[in-house]
Amino acid sequence: MRMTARPENVHQARLLRLLRDEGARSRAELGDVVHLSRSKLAVELDRLVELGLVEPAGLAASRGGRRSNIVRLSRRLRLIGVDIGATSIDVAVTDGALEILGHVSMPCNVREGPDVVLDHVLDLLGKLRGQGLVEEIHGAGIGVPGPVSFREGVPVVPPIMPGWDRFPVREVISQKLGCPVLVDNDVNLMALGEVHAGLARSAEDFLLVKIGTGVGCGIVVDGRIYRGMSGSAGDIGHIRVDDNGPTCVCGNTGCLEAYFSGAALARDALAAARSGRSAFFAQRLEQAGTLTALDVADAVAAGDPVGVRMVREGGRRVGQVLAGLISFFNPGLVVIGGGVAGLGHVLLAEIRGVVYRRSPPLATGNLPIVLSELGDTAGVLGATRLISDHIFSAT
Ligand SMILES: [Zn+2]
């Protein structure tokens with residue numbers, strides 16, 4: 001197995017991350033930022049060219065005197081982002097600057113277990129290869145919908161992933177692809193996606209609340225993911241909001257996500273259809289034979305009062321939990337993402353209302369609560385950001 005080239009020192013690593021985040025730059029501009037002498041900078045950049053990580057890209061406009069050479073990340077660099085959700089898989093390929101070159105996805109139940117699901121991941125990657133988008137792979141990041149031991153690259157007692165407990169995801173995929181691989185919780189990767197290309201680009205301390213099939217929270221402190229002692233930091237879906245609430249997938253009762261999540265909305269919509277409380281859901285059920293959170297989004301858009309009430313009540317529960325988190329953590333920004341974020345402004349208005357009423361004014365005075373704008377690219381982007389931070393760091 002050929003090892004991917006890595007920077008040899010902190011200066012080279014810094015230059016690579018600058019070129020990733022800022023794009024092509026002249027040698028003179030890079031010199032201004034990294035505070036290296038002209039000759040030292042030339043040595044490091046020449047070495048990065050030799051390693052195949054950087055390439056020349058023509059001459060810059062004159063700043064008075066000799067024109068400086070422009071450099072950029074090698075256009076051959078390819079990173080893979082994999083986002084394994086509860087009910088779908090997304091795989092994307094990016095260049096070194098994390099521009100998405102191709103993105104494919106398929107429905108897939110994570111409960112089918114690691115062998116089946118990871119085979120699907122490799123099939124999707126094969127599709128991207130078939131489109132001529134991937135030759136050599138320099139690194140891959142993988143998100144899974146449960147707690148992960150980041151150091152070991154394995155899921156740890158994930159409640160909705162039977163058969164995955166301590167399965168060596170990182171080892172298996174690294175062997176198959178012949179490149180460095182990192183595995184993390186899917187919500188952490190969404191938060192990294194926001195850091196790279198979303199609304200959190202300039203936020204050092206923020207929370208990303210994912211409301212999808214389940215509910216989770218990515219915690220970013222000083223620009224870095226906080227994972228906690230055993231990788232379960234931010235697992236807010238199982239905070240109890242009512243002792244007498246519905247039973248949750250984790251076996252407890254009254255968890256936040258048993259009240260409000262993609263799965264809970266589908267359950268409540270089905271109940272409303274069957275009891276005759278909502279003509280909208282009854283009609284949808286008759287047409288499709290089943291109901292999902294997407295039907296709830298349509299119900300809200302159509303002004304169905306039952307659908308609107310479901311989302312308002314759910315938003316209120318999320319807001320209750322979030323108000324506690326905000327008092328504790330004092331974030332500079334809260335981003336709401338995940339499939340259910342498609343419920344849009346009815347949900348956002350309810351969450352904002354509860355948070356601003358219940359949190360101390362000092363914590364919410366300057367606190368934007370916003371919907372993610374990255375859609376289903378947040379997870380795959382964050383996955384490539386994670387692995388690029390790794391391979392663009394000094395060995
Ligand atoms: Zn639970």
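Everything here concerns the structure above.
A. Fine view of the packing of aromatic side chains. Throughout the structure, instances matching the rule amount to two aromatic pairs. With centroids separated by 6.4 Å and ring planes inclined at 70°, the aromatic side chains of Trp-164 and Phe-167 adopt a geometry described as edge-to-face. Pair check on accessibility: Trp-164 and Phe-167 agree, each one buried. On the numbers, 5.8 Å between centres and 85° between planes, the contact of Phe-280 with Phe-281 is edge-to-face. Geometry around Phe-150 places Arg-227 over its ring, the cationic atom sitting 3.6 Å from the centre.

B. Looking closely at the coordination of the zinc ion. Around the zinc ion, the donor atoms from the protein are His-238 (ND1), Cys-248 (SG), Cys-250 (SG) and Cys-255 (SG), and they sit 2.0 to 2.3 Å away. For the zinc ion, the four donor atoms in the first shell make angles of 104 to 123° at the metal, so the coordination geometry reads as tetrahedral. Binding-site remark: the zinc ion is held by donors from one chain whose sequence spacing is H-x9-C-x1-C-x4-C. In this pair, His-238 sits in the loop between β13 (224-225) and α7 (256-259) while Cys-250 sits in the loop between β13 and α7, placing the two residues twelve residues apart along the sequence.

C. View of the sheet that holds strand β6 (residues 100-107). Reading across from one edge, β6-β5-β4-β7-β10 is the order of the five strands in this open sheet, with mixed pairing throughout. The open sheet has two edge strands with one neighbour each: β6 and β10 (181-185). Averaged over all pairs of adjacent strands, the angle between strand axes in this sheet comes to 15°, irrespective of strand direction. Here five bridges tie strand β4 (residues 79-84) to strand β7 (residues 139-144), and the two strands are oriented parallel to one another. When the bridges of β7 are listed, Gly-81 appears paired with Gly-141. In the packing of helix α4 (residues 114-130) onto the sheet, the strands contacted are β4, β5 (88-94) and β6, and the crossing angle to β5 comes to about 40°.

What counts as what
Residues numbered from 1 in each chain as written. Predicted model: local features only at pLDDT ≥ 70, side-chain atom pairs only at ≥ 80, totals over all residues. Heavy atoms only, no water. Phe/Tyr/Trp six-rings, centres within 6.5 Å; stacked < 30°, edge-to-face > 60°. Buried < 20%, exposed > 50% of the residue type's maximum accessible area, 1.4 Å probe, protein only. Lys NZ or Arg CZ within 6 Å of the ring centre and 35° of its normal. Donors = N, O, S within 2.8 Å, 3.2 Å for Na, K, Ca; no water. Tetrahedral: all angles 85-135°; square planar, octahedral: opposite > 155°, others 65-115°. Helix = DSSP H or I, 4+ residues; strand = E, 2+ residues; numbered from the N terminus. Pairing = 2+ DSSP bridges. Axes fitted to C-alpha atoms, helices over the stretch in contact; angles between N-to-C directions. Contact = heavy atoms within 4.5 Å.

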